[in-house]
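What follows is each chain in one-letter form.
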Amino acid sequence: MTGPRNWPTRALRRVAGIAVAVAAALLVGAPPATAHPMPHSVVRLDVYEHSVSARLEVPVDEFTRASGLGVPEKTPADRTGAIRAYLAAHIHPTTTDGRTWQVAVGRLSLSRAVQTGTGEYRELIAQAVLTPPAGADVRHFTFGYDVIVHQVVTHTALVSVRQDWAAGQVDGEGTTQVGTIRVDTRTMKVPALKIDLGAGSAWRGFVAMLRLGGDHILTGTDHLLFLLILLLPAPLAANAGRWNGLVGPRKSLARIGRITLAFTLGHSAALAATAFGRLDLPARPVEAFIAASILVGAIHAVRPLFPGREALVAGIFGLGHGMAFSFVLAEMRLTTGQLATSLLGFNLGIELLQLLLVCLALPSLLVLARLRGGPAARLTGAVLTGVAAVGWLADRLGLPNPVAQAADSAGSHTTLLLTALAATAVAAAARTLLTRHRPRVDPAPAR
């Protein structure tokens, strides 16, 4: 009686045993590659008005397997031509009606990269320029790409847009994913990727540049410190080479206004001249000049170097700050029309944030000059600013140091900075109102 009732159980056990054995055999016999995920390729597109630039980030081992071309550590000249020819032959952008784009592969370099689950690997980086036929749309096209995928069927390529001025994507810090290229397992072919970037506009570019200008002045700690350190002694009077008196509120406001306006005119003029002239200025001397200007401002806040001429100094040093601002525009490779729109938006963003910061700092500056602890606070601010300026100056002359790194990192705490400025402005304004409306107490009459 027991045997007949238990035969279904014994049959299920045998089936389960066979399943486990088959699974184990498959796992044992699986190729080692399944245990080590393969790194994917990355294609980052920068969209301009008449062309598209592509940055290819390709894992070297997979590239070698697909192309048959070995990639030495430094990609010597005798191999560079073959690598460029191979890449150009496997990049096929076309218009939506099938017309072929031109592909020019430029600079090659090697780096080390890490992707999740793959560990570190060598990566080939190539720059390519994709140029459509005359009159074709750069925002809608078909991107054929099979650099590795045509030979390594498990490989994928991720395509994203890094810069697109007409879509308002200008900061270069993030990317927009537009698609993935891989083998279609049903046909074993590599389908081209249809790219549709939508309708761009000059307005979106303007708004993006407006925002970028504001972010640049807010996160650019050096520009902000230079302006604030020049404003710090504005309510003070100079006498015998020392700050030892006060000027009236009206004169203080006039000084602050002249300094701010002169700095604005200086950096605006230099920004426009450098951008429209498309001058290729070396960054290091300009950045060193900015650090030196901050150091001069810090010394002036301790001992008056040019009392009454702060506006002139702000305008002169503002020229160097404007040249530094122009580096942001130079990297975008804009057409003349886009450059004019960008210059207006970028400069307006700088001025709006600059005006906001000056307005927030103004009450504190006026009150601080009249407090008993005002001189100590002014000296503390000047010394800290001077130390940061020395660190920046050394760093920009080729001597990296932790002081410069700490000063640069301050630009990442913009919310805290604005909150602190707003809080001190409110406190200073409240103190001024309370002092002004405090009732006078007449002295008691003599007996």
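Just so it is clear, the model here is predicted, and its values are computed rather than measured.

Reading the values: the criteria
- Residues numbered from 1 in each chain as written.
- Predicted model: local features only at pLDDT ≥ 70, side-chain atom pairs only at ≥ 80, totals over all residues.
- Heavy atoms only, no water.
- Helix = DSSP H or I, 4+ residues; strand = E, 2+ residues; numbered from the N terminus.
- Contact = heavy atoms within 4.5 Å.
- Pairing = 2+ DSSP bridges.
- Axes fitted to C-alpha atoms, helices over the stretch in contact; angles between N-to-C directions.
- Buried < 20%, exposed > 50% of the residue type's maximum accessible area, 1.4 Å probe, protein only.
- Parallel < 35°, antiparallel > 145°, perpendicular 65-115°, else oblique.
- Left-handed = near helix turned anticlockwise from the far one by under 90°.
- Expected span 1.5 Å × (residues − 1).
- pLDDT = per-residue confidence, 0-100.
- Nonpolar A, V, L, I, M, F, W, Y, C, P; charged D, E, K, R; others polar.

Asks: When you look at the environment of Val-247 in this model, what are you seeing that I'm missing?
Replies: Checked against the element boundaries, Val-247 lands in the loop between strand E11 (242-246) and helix H6 (249-276). Sequence-wise, Val-247 and Ala-369 are 122 residues apart; in three dimensions their C-alpha atoms are separated by 9.6 Å. If near-sequence neighbours (up to four positions away) are discounted, Val-247 is found in contact with Ala-234, Pro-235, Leu-236, Ala-237, Ser-252, Arg-255 and Arg-370.

Asks: Looking at this model, I keep getting lost on the sheet that holds strand E5 (residues 119-131). Mind explaining?
Replies: Where strands meet in a sheet, backbone hydrogen bonds hold them as pairs that are either parallel or antiparallel. Taken together, the six strands give an open sheet; going across it, the order is E4-E5-E2-E1-E7-E8, and neighbouring strands pair in mixed fashion. Because the sheet does not close on itself, it has two edges, and the strands there are strand E4 (102-115) and strand E8 (176-181). Across the sheet, the mean angle from the axis of one strand to that of its neighbour is 20 degrees, orientation sign disregarded. Pairing of E4 with E5, which is carried by twelve bridges, proceeds in the antiparallel orientation. By the bridge assignment, Leu-110 is partnered in E5 with Leu-124. Packing of helix H2 (residues 60-67) onto the sheet brings it into contact with strand E2 (52-59), E4 and E5, and relative to E2 it is tilted by some 95 degrees.

Asks: How should the sheet that holds strand E3 (residues 91-95) be read in this particular structure?
Replies: The strand order E3-E6-E9 describes an open sheet built from three strands, whose pairing is antiparallel. The open sheet has two edge strands with one neighbour each: E3 and strand E9 (193-196). With direction set aside, neighbouring strand axes in the sheet form an average angle of 25 degrees. Looking at chain direction, E3 and strand E6 (residues 140-145) are connected through five bridges and run antiparallel.

Asks: Hey, could you run me through unusual backbone geometry in this one?
Replies: What is expected of a backbone is that most residues other than glycine have negative phi and most peptide bonds are trans. A positive phi is found at Met-188, a non-glycine position, where the angle reads about 60 degrees. Looking at where Met-188 falls in the secondary structure, it is placed in the loop between E8 and E9. The backbone of Arg-333 shows a phi angle near 50 degrees, a positive value even though the residue is not glycine. With respect to the helices, strands and loops of the structure, Arg-333 is situated in the loop between helix H8 (310-330) and helix H9 (336-368). Given a relative accessible area of 45%, Arg-333 falls into the partly exposed group.

Asks: Any chance you could explain the packing of H6 against H9 here in plain terms?
Replies: Two measures define how a pair of helices packs: the angle their axes make with one another and the distance between the axes. Where H6 contacts H9, the two axes come as close as 11 Å, and the packing angle between them is 160 degrees. On the basis of their axis angle, the class for H6 and H9 is roughly antiparallel. Two packed elements cross with a definite hand, and for H6 against H9 that hand is right-handed. The residues of H9 that touch H6, namely those facing Ser-252, Leu-253, Ile-256, Thr-260, Phe-263, Thr-264, His-267, Ser-268, Leu-271, Ala-272, Ala-275 and Phe-276, are Leu-339, Ala-340, Leu-343, Phe-346, Asn-347, Ile-350, Glu-351, Gln-354, Val-358, Leu-362, Leu-365 and Leu-366.

Asks: Looking at this structure, I do not really get helix H10 (residues 374-396). What am I missing?
Replies: An α-helical turn contains 3.6 residues, so any two residues separated by three or four positions project in the same direction. Taking 1.5 Å per residue, 23 residues should reach 33 Å; H10 reaches 33 Å between its end C-alpha atoms and fits that length. Those residues of H10 not exposed but buried are Gly-374, Arg-378, Ala-382, Thr-385, Gly-386, Ala-388, Ala-389, Gly-391, Trp-392 and Arg-396. In this structure, the buried side of H10 is in contact with helix H5 (221-231), strand E10 (236-239), E11, helix H7 (283-302), H9 and helix H11 (402-409). Just beyond H10, the residue with positive phi is Gly-398, at close to 100 degrees.

Asks: Please clarify how the confidence of the model for the protein should be interpreted in this entry.
Replies: A low pLDDT means the predicted coordinates there should not be read in detail. The predicted model of the protein averages 83 in pLDDT, with 83% of residues at 70 or higher. Least confident of the elements in the protein is helix H1 (residues 2-29), whose mean pLDDT is 47; most confident is E3, at 96. Contacts for the low-pLDDT stretch residues 1-5, under 50 throughout, to residues beyond four places or in other chains number one contact.

Asks: What am I meant to see in the packing of H5 against H7 here?
Replies: It is the contact of H5 with H7, at a shortest axis distance of 9 Å, that shows an interaxial angle of 25 degrees. Classified by the interaxial angle, the pair formed by H5 and H7 is roughly parallel. Once H5 is placed against H7, the crossing between them reads as left-handed. Contacts between H5 and H7 involve Asp-222, His-223, Phe-226, Ile-229 and Leu-230 from the first element and Glu-287, Ile-290, Ser-293, Ile-294, Gly-297, Ala-298 and Ala-301 from the second. Of the residues in the contact of H5 with H7, the class split is seven nonpolar, three polar and two charged.

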